[in-house]
6 protein chains.
Amino acid sequence: MSYEPQEIEELSKKAEILTEALPYIRRFSGTTVVIKYGGNAISEGLESLDSFVEDVVLLNFVGIKVVVVHGGGPQIDALLTRLGHSSTFVGGLRVTDEETLESVKMVLLGQVNPLLVSRINLHGALAVGVSGADGSMVLCQPRSKEHGFVGEVIKVDASLLENLLVQGRVPIVASIGVGVDGQMYNVNADLVAAELSGALRAEKLVFLTNVEGIRSDASDPKSLLRQLRAYELKDLLDSEVIQGGMIPKAEAALSAIERGVHSVHLLDGRLPHALLLEVFTDQGIGTMLYG
Amino acid sequence: MSYEPQEIEELSKKAEILTEALPYIRRFSGTTVVIKYGGNAISEGLESLDSFVEDVVLLNFVGIKVVVVHGGGPQIDALLTRLGHSSTFVGGLRVTDEETLESVKMVLLGQVNPLLVSRINLHGALAVGVSGADGSMVLCQPRSKEHGFVGEVIKVDASLLENLLVQGRVPIVASIGVGVDGQMYNVNADLVAAELSGALRAEKLVFLTNVEGIRSDASDPKSLLRQLRAYELKDLLDSEVIQGGMIPKAEAALSAIERGVHSVHLLDGRLPHALLLEVFTDQGIGTMLYG
Amino acid sequence: MSYEPQEIEELSKKAEILTEALPYIRRFSGTTVVIKYGGNAISEGLESLDSFVEDVVLLNFVGIKVVVVHGGGPQIDALLTRLGHSSTFVGGLRVTDEETLESVKMVLLGQVNPLLVSRINLHGALAVGVSGADGSMVLCQPRSKEHGFVGEVIKVDASLLENLLVQGRVPIVASIGVGVDGQMYNVNADLVAAELSGALRAEKLVFLTNVEGIRSDASDPKSLLRQLRAYELKDLLDSEVIQGGMIPKAEAALSAIERGVHSVHLLDGRLPHALLLEVFTDQGIGTMLYG
Amino acid sequence: MSYEPQEIEELSKKAEILTEALPYIRRFSGTTVVIKYGGNAISEGLESLDSFVEDVVLLNFVGIKVVVVHGGGPQIDALLTRLGHSSTFVGGLRVTDEETLESVKMVLLGQVNPLLVSRINLHGALAVGVSGADGSMVLCQPRSKEHGFVGEVIKVDASLLENLLVQGRVPIVASIGVGVDGQMYNVNADLVAAELSGALRAEKLVFLTNVEGIRSDASDPKSLLRQLRAYELKDLLDSEVIQGGMIPKAEAALSAIERGVHSVHLLDGRLPHALLLEVFTDQGIGTMLYG
Amino acid sequence: MSYEPQEIEELSKKAEILTEALPYIRRFSGTTVVIKYGGNAISEGLESLDSFVEDVVLLNFVGIKVVVVHGGGPQIDALLTRLGHSSTFVGGLRVTDEETLESVKMVLLGQVNPLLVSRINLHGALAVGVSGADGSMVLCQPRSKEHGFVGEVIKVDASLLENLLVQGRVPIVASIGVGVDGQMYNVNADLVAAELSGALRAEKLVFLTNVEGIRSDASDPKSLLRQLRAYELKDLLDSEVIQGGMIPKAEAALSAIERGVHSVHLLDGRLPHALLLEVFTDQGIGTMLYG
Amino acid sequence: MSYEPQEIEELSKKAEILTEALPYIRRFSGTTVVIKYGGNAISEGLESLDSFVEDVVLLNFVGIKVVVVHGGGPQIDALLTRLGHSSTFVGGLRVTDEETLESVKMVLLGQVNPLLVSRINLHGALAVGVSGADGSMVLCQPRSKEHGFVGEVIKVDASLLENLLVQGRVPIVASIGVGVDGQMYNVNADLVAAELSGALRAEKLVFLTNVEGIRSDASDPKSLLRQLRAYELKDLLDSEVIQGGMIPKAEAALSAIERGVHSVHLLDGRLPHALLLEVFTDQGIGTMLYG
């Protein structure tokens, strides 16, 4: 053959990686993957965003039904500041009065959601922005008096998502809920993602965040846990090894597993193509939780 | 019979109105009606809004495929003011810099759209909020250098709306467009409504606004024109009888007729159930334009 | 606005009645309503018939699946008289020899059925005449030796009706049955309506007759019962408050409730648009029976 | 083998006939065959009727879409006589006043049609009786003033028949038509059969009558024409070789050929299983007309 | 009529045989019939083959879903001889080393299967050749060490056959199996036919062979058993009345009955149109086994 | 992050290659690719075969409709030799007498086809072996008297392939044709692949062979042409730069382009994963021909 040895090696490397991906494509094609994409990840900038967007589009093209659920904490803070408003947090949740709720809706539905939709469309998939109020998808009641319009999910109706997925579209879900009286609520995006992944009988729920995964020793990067069973995670929660912002995420992950999701993944969204590497390579990255 | 004469008369009146509606239900069931619902109408308050919402739901229930397109001018002004920003208008169109565009998106997608969606859902239909960026539905290019991110519609792709309509859902469309590069644009809602009604081969395009219709003498309320053919409207435009904010609406109406929409209606949204009365009664209200 | 106050009031009244109908349209759209239309009602003349026909067409247009079952007692009497034949009745049922059966078939299939079909078609729905012999829909055996060809329903097969309803058509069913040997039978139309409403899992079974409903005191028009539960009707039957021709109707109504029909209505077909008013207004008319 | 020679021969004969039918089954399966079954044929008695019915059922079972159109002349005469009424004929057509029309409807819809439906159902197919008024299938206008309610076909809508055929049912069509005003008409069954066969793009139109076919010399049984092209039939009509009741049949046959029906057959319905033999054997019977 | 008496009798005979077939067509149309066509039958020559092929096509045309399973013993022997190879048989099964397996595949897939496919296509049906390896239809494991590549069926997946049958095609199945490791196996065609008939919930399984059926006394042709229940066949096996090559066939027949096949037929394929006569005539031929 | 720099680089390389493939997956998903896999390639051994098979399965999993067409020249030679038979070639085509044809069928259908089917099934796709005789897919006539049973393609009917592709299956086509009289023919696999790719409106036709592609100077490996337009290839043929076995391949390629296939590729099947690298990488390999 007229190919140079170096060229042959290069081609051979490419072929190897593509074929390594084969069994994963075969296994996950046709299944549903719900991805929680956090506000922190979004604020990393357009390059980081596009790495994520490319992964979503690739998953969509190999037949995986992808749903993206997003919040927008830092972006909400920014708008509230501009409007001369500040937030109080109770138990890690933003106390949401009427004005705050307006800002939450404006940021999630008017900034973050259309940003994700337009970038994904630009890369060739057909994204459609939806909120939990569309088709009364995420039904809520107030979580507590002091939290104001912070919603607790009562019931989810995933039929709108299923319709969009069947048409090959990629639903981008803003974590807004709605009450039986039409009142909207600010809802934790991790919980919405967990509820929807359960209702969609998803294969995977992926949290793309800004930590590498769950550590058995929070201060030791080498203690990253690659695989974890649900009961082990419960032990870590009980023994308070898991702390701070990781607690609600861990609880959402456990609730997804209980609703029948096969595995939940916590990945560091700052690693380019973290999603792709997790789904399509043998080694995987981050922490995987299973039942 | 044991019914009192007065009761008989009452029942007879009811039956008469219901049966008057019959031929219209028969004629329009299965057809598509696109409604432009203006920001002014929205600012009339919740009672007026719910009168509109009830009409939309009734149309949906008798088998009419309803699409609502909305803008939000007054609401955008309010947010810009709060953010210490003011707008310049050129040729009746808001000059839209990046910050203004952010506000436009936040208001249309984060305030007005979810308000309409949640009210319609509350009354029993299945509304779904979409923007012209979802599924690259409304493709735009900049209208001019000086207008900034004001979009001129190049092409519309109504397939997402058709999918939703087939499922019996009511799409609520925010007048946002998107460029081939993913850039979003502020687009005139009248034009978006006209383009979509053409692409959907709609039976009717209805502008719900705060005037009663088109007058042959702008200053004389008695000169309201009940029916008007396209060439007559062109004459009124040429002879400058039509003026101000009515000009773009009239142009949008003409363009819809040219794209094959059967009739365009200009109604006063302040009259309760204006939409219902127009569609289901013999007399009709407002001005009807036909080809 | 340029509308006169009186005009506004008129429009407002219309809108009110149309929107009063909304929740009923929403609730009954897609459900099945079986209507027994009696021979007495038919003999009231064309105006009364057309009031009924308009109601059937309106129900059809708002998505209700309507089945009309009819008899034709007075019309059969008329033909028999012309042919110099008279009828004996045993237990309220016409003794049916071969010649009588021929007349029954000629009247029901050749006079009454095509009359209903052509009037409904004329008003814009797609009526299709069927008899219980078509597709062996109403399978019978002889009720008794002395009744001759009076059939007792053994089994109904509603699949032909379901096919027609799915195509949006309005089946008009003549109360003729057929035996396993192909012999036709004269069957009581109230019973056929009750059996078919059960087999179709109908929402409502409506008897349009020439009385206002069931009275707790047959001689007192003010004692009309508006709502009645099945066990209450049984008591009325046991205590012989219900008498004469109302007895088989009451028994058919009870049997429909037992087969899962949600409500059975007895209405006075002489009141114009009785059917429409019952289904679409808050007050209702006649007597409603439920389980 | 242990079979007796005679048994072998018997089996061999059976196999030969079944396999002779094979190419015809292959060719006609899935196509539509419209059969005009005349009132004379019906009056031949139940045995003759059942021979016809068995053939219809067999055709239905091998995948041929069968439509039967029937009249009922002799049966109408009988009823009119019983009612002390007599008919005048103008140009071979029964002058039809209102009373005569009532008798026509009663006989066709109330006697002949249900007889055919019940016999076919009895033999295992799913027959459904329809008239040309069902679904406004056969639209008519008066043929002439002097004929009264004799209809001339303006338009046929075969969609109801197509729906029934797709469900595997056998429509039995009574030759009744309907005007745009809902008025019913007495229509010649030969013409209805020809119109429907054209609208259904039928493969064959078969006239089952009480003559063997078309003769080149009306008085000579040996002059039976087995095959005939359309232009030859026109010549026979022009040269007045064809006379009497055969004229309208010949004209209907020509009109069917013009509407694209592949072949029209005139068979003697008195020969048992004439239909079956025509369709499934090499020799065929009667006269075949083709384009 | 102008037909000669002899012609009438001839026509009458034809009609009688065609109508005798009617109830069988009605009963079996839409059901599945699996036919095992043996290598011995194939070696009888093209005329015998075409008699079989015509029967298959006729069954296909009257709506029966036909699957043909074939072996090819004599043809395999011939090729092995040509290649200078001979076979050993253990327990009636051909010991199959790698070279023998190659010959089995070449004969079944390269000779017998395409012969059947092309003859059936020639007669107008749409045959498609498949092997048990296509779509991993017949999953096998080695039967024993000493038999080499003789497969024992573990599981069958009939979905490919169902897809082909739904499209109206006639699958011709070569009795080759495949292991989970992709290794092919020589499998007994009687067993494959029995397994597939069970998986397809077939109405009938027919063994076309070169004996007339099962005899109660192997040496007495008059002792042919026309009908036999499963327990009776078991008794015949236990009491060793059944011997030699009939044993595996009898066992396969019993296993099909156990899997829910309604009847199993053993016919003499040398009798022309044996299949047709069995399915479509009252007397039937050969031996019928039922549960 | 706790990942080692080297690990990061490794992950980054993987992500890069996977995302490089993305635009190609997007572009070709849902399109049809026909691959001619030659007998020479098959004789390279199981490892080489499995590299090809993995590529086919990967293409199938990302939504490409793959059809494999194969010949088997060297394998036919081997069998003929074993059977003491030798072949004459005329104009590069094997003279095919009856005995040779038997060997061709046995090798293609009994050896090569099941080998490909079982290997592909083993890797997780659903392969189905078909020959050009199945469903009369490849209709032939004799090419010339002297060539015997060498077929010239008259017409192809790709509906069987389309049915299988719609079900997600991978058809493996043996290059056998059939005449209208049922006679089978030996057909050149390159031509069958070209005809089928045209009939399937394929995106790509790929020849996997044992040369790297087309050279402008047959003796100089550096003269490999990477891209070539149809008219340029015609020039090379006219000027006799292309010679020997490449001539029929070049002609088949041209005929596919004329039938509307977008591009034809000639690749060296000895390079592992040549197919994958051609379809999914920027550089491509071999020679690409386009219109």
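A. Just the overall build of chain A, in detail. Within chain A, the secondary structure is distributed over ten helices and 14 strands. Over its C-alpha trace chain A gives a radius of gyration of 20 Å, about what one expects of a compact globule, namely 19 Å for 291 residues. Going through the 291 residues of chain A one by one, you find that 56% of them count as buried. Taking the contacts inside chain A whose residues are at least 6 apart along the sequence as the reference set, 74% of them involve residues at least 24 apart.

B. Inspection of the relation of the copies chain A and chain F at higher detail. Here chain A sits on chain F after a turn of 179° about the axis and a move of 0.0 Å along it, with an RMSD of 0.0 Å. Viewed as a symmetry operation, the transformation between the two copies matches a two-fold axis. Of the C-alpha atoms belonging to chain A, the one lying closest to the rotation axis is found on Val62(A), 2.4 Å away. The residues that chain A uses at the interface reappear at the interface of chain F in 100% of cases, marking a shared surface.

C. Region of interest: the sheet that holds strand 11 (residues 204-209) of chain B. Residue and element names in this part refer to chain B. Strand order in this open sheet of eight strands is 5-8-2-1-11-13-14-12, and the pairing throughout is mixed. At either end of the open sheet lies a strand with only one pairing partner, and these are strand 5 (127-131) and strand 12 (227-229). Strand-to-strand twist in this sheet, taken as the mean axis angle between neighbours without regard to direction, amounts to 20°. The pairing of strand 13 (residues 263-268) with strand 14 (residues 287-290) spans four bridges and is classified as antiparallel. For Leu266, the partnering residue across the bridge sits in strand 14 and is Thr287. Along the sheet, helix 8 (residues 230-238) contacts strand 12 and strand 14; its crossing angle with strand 12, the most-contacted strand, is approximately 85°. Its contacts with the sheet place helix 9 (residues 246-258) against strand 11, strand 13 and strand 14, and it is angled at close to 150° to strand 13.

D. The interface of chain C and chain D, seen in detail. Each partner contributes to the interface: chain C provides 33 residues, whereas chain D provides 34 residues. Elements supplying a minimum of two residues to the side of chain C that touches chain D: helix 5 (98-122), strand 5 (127-131) and helix 6 (159-166) of chain C. Ranked by residue count, the leading element in the side of chain C that touches chain D is helix 5 of chain C, at 15 residues. By residue class, the composition of the side of chain C that touches chain D is 15 nonpolar, twelve polar and six charged.

E. Structural context of the pairing of strand 5 of chain C. All names here are of chain C. The element strand 5 is largely enclosed, with a buried count of five among its five residues. A two-sided burial pattern is seen for strand 5, the buried positions comprising Ala127, Gly129 and Ser131 on one face and Val128 and Val130 on the other. Bridging between strand 5 and strand 8 (residues 170-174) involves five bridges; their strand directions are parallel. Paired with Gly129 across the bridge in strand 8 is Ile172.

F. Examining the interface of chain A and chain F more closely. Across the boundary between the two partners, chain A contributes 33 residues, which contact 33 residues of chain F. If you list the elements that add at least two residues to the side of chain A that touches chain F, you get helix 1 (5-28), helix 3 (46-61) and helix 10 (274-280) of chain A. Class assignment of the residues belonging to the side of chain A that touches chain F gives a composition of 19 nonpolar, eight polar and six charged.

G. A look at unusual backbone geometry. Phi angles above zero are rare outside glycine, and His273(B) is one such case at about 60°. Within the fold, His273(B) resides in the loop between strand 13 and helix 10 (274-280). A positive phi angle is found at Arg201(F), which is not glycine, with a value near 45°. Within the secondary structure, Arg201(F) sits in the loop between helix 7 (189-199) and strand 11 (204-209).

H. Summary view of the relation of the copies chain C and chain D. Superposition of chain C onto chain D requires a rotation of 180° combined with a translation of 0.0 Å along the rotation axis, giving an RMSD of 0.1 Å. Here 100% of the contact residues of chain C are again contact residues in chain D; the copies associate through an equivalent surface.

I. Expanded view of the nonpolar core. Counting 600 residues, the largest nonpolar core has Leu196(A), Leu196(B), Leu196(C), Leu196(D), Leu196(E) and Leu196(F) as its most contacted members. Once you skip the residues sitting within four places of it in the chain, Leu196(E) turns out to touch Val34(E), Val67(E), Val69(E), Val156(E), Ala158(E), Leu161(E) and Val173(E).

J. Broad picture of the sheet that holds strand 2 (residues 65-70) of chain D. Residues and elements named next belong to chain D. The strand order 5-8-2-1-11-13-14-12 describes an open sheet built from eight strands, whose pairing is mixed. One side of each edge strand has no neighbouring strand; the edge strands of this open sheet are strand 5 (127-131) and strand 12 (227-229). Taking each pair of neighbouring strands and ignoring which way they run, the sheet shows an average axis angle of 20°. Two strands pair when backbone bridges link them, and strand 1 (residues 32-37) and strand 2 are joined in this way by six bridges, in the parallel orientation. Bridging across to strand 2, Val34 finds its partner in Val67.

K. Focus on the environment of Asp157(A). Residue and element names in this part refer to chain A. Positionally, Asp157 belongs in the loop between strand 7 (151-156) and helix 6 (159-166). Note: C-alpha distance between Asp157 and Ala199 (42 residues apart in sequence) is 7.5 Å. When residues no more than four places from it in sequence are discounted, the contact partners of Asp157 are Gly135, Ser136 and Met137.

L. Spotlight on the packing of helix 4 (residues 73-82) of chain F against helix 5 (residues 98-122) of chain F. Residue and element names in this part refer to chain F. Across the interface, helix 4 lies against helix 5 with an axial gap of 9 Å and an inter-helix angle of 125°. Between helix 4 and helix 5, the angle falls in the class oblique. Helix 4 and helix 5 meet at a crossing whose hand is right-handed. Of helix 5, the residues touching helix 4 (which contributes Gln75, Ile76, Leu79 and Leu80) are Thr100, Ser103, Val104, Met106, Val107, Gln111 and Val112.

M. Summary view of the environment of Arg26(B). With respect to the helices, strands and loops of the structure, Arg26(B) is situated in helix 1 (residues 5-28). With 18 C-beta atoms packed within 10 Å, Arg26(B) lands in the partly exposed category. Sequence separation between Arg26(B) and Gly63(B) is 37 residues, and the spatial gap between their C-alpha atoms is 9.5 Å. Not counting the four nearest positions on each side in its chain, Arg26(B) is found in contact with Phe61(C) and Gly124(C).

N. Examining the environment of Asp190(C) more closely. One can find Asp190(C) in helix 7 (residues 189-199). Not counting the four nearest positions on each side in its chain, Asp190(C) is found in contact with Lys36(C), Phe207(C), Pro248(C), Lys249(C) and Ala252(C).

O. View of the packing of helix 1 (residues 5-28) of chain D against helix 1 (residues 5-28) of chain E. At a minimum axis separation of 10 Å, helix 1 of chain D and helix 1 of chain E run at an interaxial angle of 80°. Considered as vectors, helix 1 of chain D and helix 1 of chain E are oriented roughly perpendicular to each other. Facing Lys14(D), Ile17(D), Leu18(D) and Ala21(D) of helix 1 of chain D, the residues of helix 1 of chain E in contact are Lys14(E), Ile17(E), Leu18(E) and Ala21(E).

P. Representation of the confidence of the model for chain A in the model. Residue and element names in this part refer to chain A. Residues with a pLDDT of 70 or more make up 99% of chain A, whose mean pLDDT is 89. Mean pLDDT across the elements of chain A ranges from a minimum in helix 1, with 80, to a maximum in strand 2 (residues 65-70), with 97. Interface predicted TM-score (ipTM) for the complex: 0.82; the corresponding pTM is 0.71.

Q. Geometry of helix 3 (residues 46-61) of chain C. The terminal C-alpha atoms of helix 3 of chain C, which comprises 16 residues, lie 22 Å apart, in line with the 22 Å expected from a rise of 1.5 Å per residue. If you check which residues of helix 3 of chain C are buried, you get Ser51(C), Phe52(C), Val53(C), Glu54(C), Asp55(C), Val56(C), Val57(C), Leu58(C), Leu59(C), Asn60(C) and Phe61(C).

Rules used throughout
- Residues numbered from 1 in each chain as written.
- Chains lettered and ligands numbered in written order.
- Predicted model: local features only at pLDDT ≥ 70, side-chain atom pairs only at ≥ 80, totals over all residues.
- Helix = DSSP H or I, 4+ residues; strand = E, 2+ residues; numbered from the N terminus.
- Rg over C-alpha atoms; globule rule 2.2 N^0.38 Å.
- Buried ≥ 20, exposed ≤ 12 C-beta atoms within 10 Å, placed from the backbone.
- Contact = placed C-beta atoms within 7 Å.
- Least-squares fit on C-alpha atoms with pLDDT ≥ 70 in both.
- Pairing = 2+ DSSP bridges.
- Axes fitted to C-alpha atoms, helices over the stretch in contact; angles between N-to-C directions.
- Nonpolar A, V, L, I, M, F, W, Y, C, P; charged D, E, K, R; others polar.
- Core = buried A, V, L, I, M, F, W, Y, C linked by C-beta atoms within 7 Å.
- Parallel < 35°, antiparallel > 145°, perpendicular 65-115°, else oblique.
- Left-handed = near helix turned anticlockwise from the far one by under 90°.
- pLDDT = per-residue confidence, 0-100.
- Expected span 1.5 Å × (residues − 1).

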